[in-house]
Amino acid sequence: MDKYIIKGGNPLVGEVEITGAKNAALAILAASTMTNETVTIENMPDEADTNVLLGTMNDLGVFTHRTTRHTVRVNAAKARNFPIDNEDIKKIRASYYLIGALLGRFKRAKVVLPGGCAIGLRPIDQHMKGFAALGASCRIEHGFIIAEAKELHGAHIYLDVVSVGATINIMMAATLASGQTIIENAAKEPHVVDLANFLNSMGAHIKGAGTDVIRIRGVEKLHGTDYAIIPDQIEAGTFMMASAVTRGDITVTNIIPKHLESISAKLKEMGCELSEHDDAVRVICKDRIRSTHVKTLPYPGFPTDMQPQITVALGLSAGVSIVTESIFENRFKYIDELTSMGANIKVEGSTAIISGVERYTGAHIAAPDLRAGAALVLAGLVAEGFTTIDNIRFIERGYEDFYMKLRALGATIERVEDERSEQRFRLKYA
Ligand code: UD1
């Protein structure tokens, strides 16, 4: 099994370019099946999750072609509405975006229940409530979600919880419904706005994305477009946090600073120096970081997808920090691994109480999910000695060239496939 091996201790210094946002890309790819015309998408990340979705789209008869590493051309004129089920698509969360997209286009969708990171229960009741309000009958049968309608009509939908996935899914189906749909208590994440902009560039009428209330006037059909995906907020945040963890000096480029405000604010409280430019931010962290408290919240609050990374940083701070996870109920599973590296963290329900330690020590650990996996890599980068990280397939689902980008910043990290390569690395850096 492939793993990362890291020799910790180097401060990370230099510039890193951020790729397109994974979560925006997944929604936009699904939405690109809603027209017969050709769609060209730029800034498309080359990661496992996006590639799995592209493969599944091919299974449906959708033509997809990467004209460059980060540009994809999609034509769904010959798309067929087969049930969606394969071993890979079962593992990703965003498979459910095909329900909204196919329901909009074909008025029927049958998609295997979504997987994704095991960070909580992750129900889909709000998605189903939205589809039902639009006139679809919606049920779960034999492990599939089935949604079908004679026709879709606009509706007034109030989401009981702020859900990114439900907002995106309802927005897609409502785009091809008749009449007006209003989504209240909508998610405001940058990728919700990006999807709305993408759909509008295809002829949709969506207003208010980025606020609590989204208004969609249904259209009969969508047309082709050329569109560039926004930069990845979480990849950027992860590298910013890498600077704090390793006491480094990292300039993160190809970003939208506005999307990173909650992360930048915390880094400043932690004593890092930040300088912001139009599409870059430099994060310098010279001294031991200061403790602080963090609560994850829907955007513009501090993202739950950055919770493990900031916890790893605060684990090394001077003082006691409290991190409260308010979105997912099971997102502290990595703390055991971090404890084996010397962290002093106590978890009580949705709260982690972190007593900062002076150093982490290398250990053999495993990535429990995507973001926690990336966070544990950050811990390994600063730990004394060697850290081996198993289950890196989780990390590579959502970070393009992760270890290579870290290496370019000065990290001593290798992706190894067998014991011999691991031993060679250990001997080289002993
Ligand atoms: C998306 C992101 C994920 C991120 C999360 C929160 C993608 C592919 N994934 O996940 O990386 O961590 O947003 O920013 O974009 N909920 C319900 N019922 C529903 C739907 C959600 O109760 O029908 C609850 C969830 O259990 C959770 C909260 O709402 O507690 C937020 O979930 P949601 O925003 O839907 O997350 P995802 O779309 O799954």
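Residues numbered from 1 in each chain as written. Predicted model: local features only at pLDDT ≥ 70, side-chain atom pairs only at ≥ 80, totals over all residues. Heavy atoms only, no water.

A. How the structure looks around the domain arrangement of the chain. Segmenting the chain into domains produces domain 1 (3-18 + 231-429) and domain 2 (22-228). Just the C-alpha atoms count here: the centres of domain 1 and domain 2 sit 30 Å apart. On the side of domain 2, 22 residues touch domain 1, which itself brings 23 residues to the contact. Interface of domain 1 and domain 2: buried area, both sides summed, is about 1,800 Å²; carbon and sulfur atoms make up 48% of it. Linking domain 1 with domain 2 are 3 salt bridges. Between Arg 69 and Glu 400 there is a salt bridge, with the nearest N and O atoms lying 3.6 Å from each other. Between domain 1 and domain 2 we count 8 residue pairs in polar contact (both at pLDDT 80 or more) in total. (Domains from an automatic or database assignment. Contact = heavy atoms within 4.5 Å. Buried area = accessible area lost by both parts, 1.4 Å probe. Salt bridge = Lys/Arg side-chain N within 4 Å of Asp/Glu carboxyl O. Polar contact = N/O pair within 3.5 Å; in protein donor to acceptor, adjacent residues only side chain to side chain.)

B. Seen up close, the sheet that holds strand E15 (residues 273-276). Strand order across the open sheet formed by 4 strands is E2-E14-E16-E15, with mixed pairing between neighbours. Across the chains shown, the open sheet's two edge strands, defined by having one partner strand only, are strand E2 (13-17) and E15. Averaged over all neighbouring strand pairs, the angle between strand axes comes to 15°, with direction disregarded. Bridge analysis of E15 against strand E16 (residues 280-284) gives 4 bridges, and the strand direction is antiparallel. Bridge pairing in E16 places Glu 276 opposite Val 281. Contacts from helix H7 (residues 233-246) reach E2, strand E14 (249-253), E15 and E16, with the element oriented near 170° to E14. (Pairing = 2+ DSSP bridges. Helix = DSSP H or I, 4+ residues; strand = E, 2+ residues; numbered from the N terminus. Axes fitted to C-alpha atoms, helices over the stretch in contact; angles between N-to-C directions.)

C. The site of the ligand, seen in detail. Surrounding the ligand, one finds 21 residues, the nearest of these being Gln 126, Ser 163, Val 164, Asp 305 and Ile 327. Arg 93 places a side-chain nitrogen or oxygen 3.3 Å from an oxygen atom of the ligand. Gln 126 has a polar backbone atom sitting 2.7 Å from an oxygen atom of the ligand. With the chains in place, 88% of the 740 Å² that the ligand exposes on its own is no longer accessible. At the level of elements, helix H4 (125-133) and helix H5 (164-175) are the ones that each hand at least two residues to the shell around the ligand. Ranked by residue count, the leading element in the shell around the ligand is H4, at 3 residues. Of the residues assigned to the shell around the ligand, the class counts are 9 nonpolar, 7 polar and 5 charged. (Near = heavy atom within 4 Å. Areas by Shrake-Rupley, 256 points an atom, 1.4 Å probe, with all protein chains shown as cover. Nonpolar A, V, L, I, M, F, W, Y, C, P; charged D, E, K, R; others polar.)

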